[in-house]
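One letter stands for each residue in the lines below.
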Amino acid sequence: MLNPHPLPSEGKAFVRLLMRDLVAAFRHRSDWMNPLFFLLMVVSLFPLGISPEPQILAKVAPGVLWIAALLSTLLAVDALFLQDYEDGTLEQLVLSPSSLYLMVLAKVVTHWLVTGLPVALLAPLLGIMLNLSGDGLWVLTLTLLIGTPTLTLITAIGAALTVGIRRGGLLVSLIALPLYIPVLILGTAAVVAAVDGFAYQAHLSLLGAMLALALVLAPFAVAASLRISLSN
Amino acid sequence: MRDDAVLFSALSFQVEAGSITQIMGANGSGKTSLLRILTGIMPAESGRVLWFGQTIGKQRVEYGAALTFIGHLPGIKSQLTPLENLAWLAPEASVEACNLALRELGLSGFEDSPCYRLSAGQKRRVALARLYVQQRPLWILDEPFTSLDKNGVSKIEALLCAHTQAGGMVILTTHHEFALDSACVREVMLGTALC
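If you're wondering where the values come from, they're calculated on a predicted model, not measured in any experiment.

1. Quick notes on the overall build of chain B
And step 1. Each helix and strand in chain B was counted, giving seven helices and seven strands.
And step 2. Each helix and strand of chain B, ordered N terminal to C terminal, gives the series β-α-β-β-α-β-α-α-α-α-β-α-β-β.
And step 3. The globule rule puts the C-alpha radius of gyration for 195 residues at 16 Å, and the 17 Å found for chain B is close to it.
And step 4. Along the longest, intermediate and shortest principal axes, the C-alpha atoms of chain B span 50 × 35 × 35 Å.
And step 5. Residue burial in chain B is summarised as follows: out of 195 residues, 38% are buried.
And step 6. The long-range share in chain B, meaning contacts at least 24 apart out of those at least 6 apart in sequence, stands at 71%.

Here's what the structure looks like:
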């Protein structure tokens, strides 16, 4: 009987997948450039469509920036599991002895680093373009930094459920959008409160609580969904 | 069962150490489905898959650590190089072992070019290089000889033979006739689907 090699620890498997996906994403530029271009396009079209009036722009800025960030998350959904499904690496991931929960977490973290983080960092620059005032700018960045990982985790559930279906993109939106709404409401409300000089800490705490909940529970749902998607 | 059609029933076989089990059958007779059930990716409509007397669902980690599965899809990420792919698929193997395996399969010179530049046969070779570096007892291979040239086929055949001689097990589907001595090759025939 052949003896299998001792397997690397779970932590190493996590880092290994994280690095693999980061390298692959880095070489596949459209994965992380598209959400940024989308954000830039939407935000720069708004002043043309509504009004270049600074007061009006400042009023709509929190909502516009948050909605654009949210939709850009949806735009990148195919990079999450579909590519792995199509080249067969998802099968290998499910079969690997490492915990699927951690592997899913690694994939979601990478995906956020590649698509969510750049959006959160670009948003304040676009906020200046929309005449968003001082306090609002950094609260916007903060809410996006807490909110976009939650969005990515929610998207991952939809993506995992639909990965076996050709052209499941629209279905993902239908599954994920209702769950996005609380995050969107709290995110924009925090920025609006900060602009108006009110307290925004409660919004941030609630966003943080949602992230904690999603971070713990969503990978379970994603892992189970992936097993179901692969089983037929 | 697939799409409400019974593909096979009352199928029972045992795989022993040191044997090659070849699943035969016409196109659409359920060879791939059977293999996917054996790996545990797909649940069986009825029946059980046992590994050392226990159902595989109860010992996913142990079974996963004992199994190398290479399916229809090679499991190769096209943005990564063959070496990076191999290092990810077989984390327990050293870089030297991976390099050696790739050289053995005639991929030297391609270690550092991304896999989307490789041909279908070369990608298949990258996937099969896992067999050299992953010392796992059970191999489940779905059409491993697809798009390989003669030289590749004979190399993999020799590898399968060496694996069984070391006490490993191989379950595979192929339409390819084995040139080896067929003493260790057992055949499981899936019946023709009822129309």
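2. Considerations on the overall build of chain A
And step 1. What chain A contains, in helices and strands, is nine helices and zero strands.
And step 2. The helix and strand sequence of chain A, counted from the amino end, reads α-α-α-α-α-α-α-α-α.
And step 3. Taken against the 2.2 N^0.38 rule, which gives 17 Å for 232 residues, the C-alpha radius of gyration of chain A at 19 Å falls within 12% of a compact globule.
And step 4. With 232 residues in all, chain A has 49% of them scored as buried.
And step 5. Residue pairs in contact within chain A that sit at least 24 positions apart in sequence constitute 80% of those at least 6 positions apart.

3. Considerations on the interface of chain B and chain A
And step 1. Facing 32 residues of chain B, the contacting portion of chain A comprises 25 residues.
And step 2. Taken together, the elements giving at least two residues each to the side of chain B that touches chain A come down to helix H2 (60-66), strand E4 (67-70) and helix H3 (82-89) of chain B.
And step 3. Sorting elements by how many residues they give to the side of chain B that touches chain A places H2(B) first, with four residues.

4. A word on the sheet that holds strand E1 (residues 19-24) of chain B
Sheet strands pair via backbone hydrogen bonds, and the direction of the pair is either parallel or antiparallel.
Residue and element names in this part refer to chain B.
And step 1. Strand order in the open sheet formed by five strands is E4-E5-E6-E1-E7, with parallel pairing between adjacent strands. Of all strands in the sheet, those with a lone pairing partner are E4 and strand E7 (185-189), marking the two edges. Strand-to-strand twist across the sheet, computed as the mean angle between neighbouring axes with direction ignored, equals 15°.
And step 2. The pairing of E1 with strand E6 (residues 169-173) spans five bridges and is parallel. Looking at E6, one finds that Ile20 is bridged to Val170.

5. A few points about helix H8 (residues 169-196) of chain A
Residues and elements named next belong to chain A.
And step 1. Over its 28 residues, H8 runs 38 Å from end to end, which matches the ideal 40 Å to within 8%, given 1.5 Å per residue.
And step 2. Roughly 40° is the biggest bend found in H8, and it falls at Leu177, with proline Pro178 one to four residues downstream.
And step 3. Where H8 ends, the next residue or the one after it, Gly197, has phi of about 85°, a positive value.

6. Quick notes on the confidence of the model for chain A
And step 1. With 97% of its residues at a pLDDT of 70 or more, chain A shows a mean pLDDT of 88.
And step 2. Per-residue pLDDT, averaged within each element of chain A, yields its smallest value for helix H1 (residues 10-27) of chain A (85) and its largest for helix H9 (residues 201-230) of chain A (94).

7. A short note on the environment of A:Val172
All names here are of chain A.
And step 1. Relative to the elements of secondary structure, Val172 occurs in helix H8.
And step 2. Put simply, Val172 and Ile157 are 15 residues apart on the chain and 8.6 Å apart in space, counted from C-alpha to C-alpha.
And step 3. Once residues lying within four places of it in the same chain are set aside, the contact partners of Val172 are Val77, Thr155, Gly158, Ala159 and Thr162.

8. Observations concerning the confidence of the model for chain B
And step 1. Of all residues in chain B, 90% have pLDDT values of 70 or greater, and the mean over the chain is 80.
And step 2. For this predicted complex, the interface score ipTM comes out at 0.82, alongside a pTM of 0.87.

9. Some thoughts on the packing of helix H3 (residues 54-75) of chain A against helix H7 (residues 134-162) of chain A
Relative placement of two packed helices is described by the angle separating their axes and the distance separating the axes.
Residue and element names in this part refer to chain A.
And step 1. At a minimum axis separation of 10 Å, H3 and H7 run at an interaxial angle of 30°. One finds that H3 runs roughly parallel with respect to H7. For the crossing formed where H3 meets H7, the hand is right-handed. Residue-level contacts link Pro62, Leu65, Ala69, Leu70, Thr73 and Leu74 of H3 to Gly136, Leu140, Leu144, Thr148, Leu151, Thr152 and Thr155 of H7.
And step 2. Its residues assigned to classes, the contact of H3 with H7 comprises eight nonpolar, five polar and no charged.

Rules used in this analysis
Here, residues in each chain are numbered from 1, in the same order as that chain's written sequence. Key to labels: chains lettered from A, ligands numbered from 1, both in the order written. The predicted origin of the model limits local features to residues at a pLDDT of at least 70 and limits the giving and counting of side-chain atom pairs to 80 or more, whereas totals for whole chains, interfaces and linings rest on all residues. Under the DSSP-based scheme used, a helix requires at least four consecutive residues in state H or I and a strand at least two consecutive residues in state E, with every element numbered from the N terminus. Every radius of gyration here is taken over C-alpha atoms, with the globule rule written as 2.2 Å times N^0.38, N being the number of residues. Buried residues are those with 20 or more other C-beta atoms within 10 Å of their own C-beta, exposed residues have 12 or fewer, and partly exposed residues lie in between; C-beta atoms are placed from the backbone. A pair of residues counts as a contact when their C-beta atoms, built from backbone coordinates, are within 7 Å of each other. Strands were regarded as paired on the criterion that DSSP finds at least two bridges between them. Lines fitted to C-alpha atoms define the axes here, with helix axes fitted over just the stretch in contact, and angles between the N-to-C directions of these axes take values from 0 to 180 degrees. Expected helix span is given by 1.5 Å per residue-to-residue step, counting one fewer step than there are residues. What we call the bend at a residue is the angle made by axes fitted to the seven residues finishing there and the seven residues starting there. As a per-residue measure, pLDDT reflects the predictor's confidence and takes values from 0 up to 100. Reported orientations rely on four angle classes, namely roughly parallel under 35 degrees, roughly antiparallel over 145, roughly perpendicular from 65 to 115, and oblique for the rest. Two helices crossing with the near one rotated counterclockwise from the far one by less than a right angle form a left-handed crossing, whereas a clockwise rotation gives a right-handed crossing. All residues other than Ala, Val, Leu, Ile, Met, Phe, Trp, Tyr, Cys, Pro, Asp, Glu, Lys and Arg, Gly among them, are scored as polar; the first ten of these are nonpolar and the last four charged.

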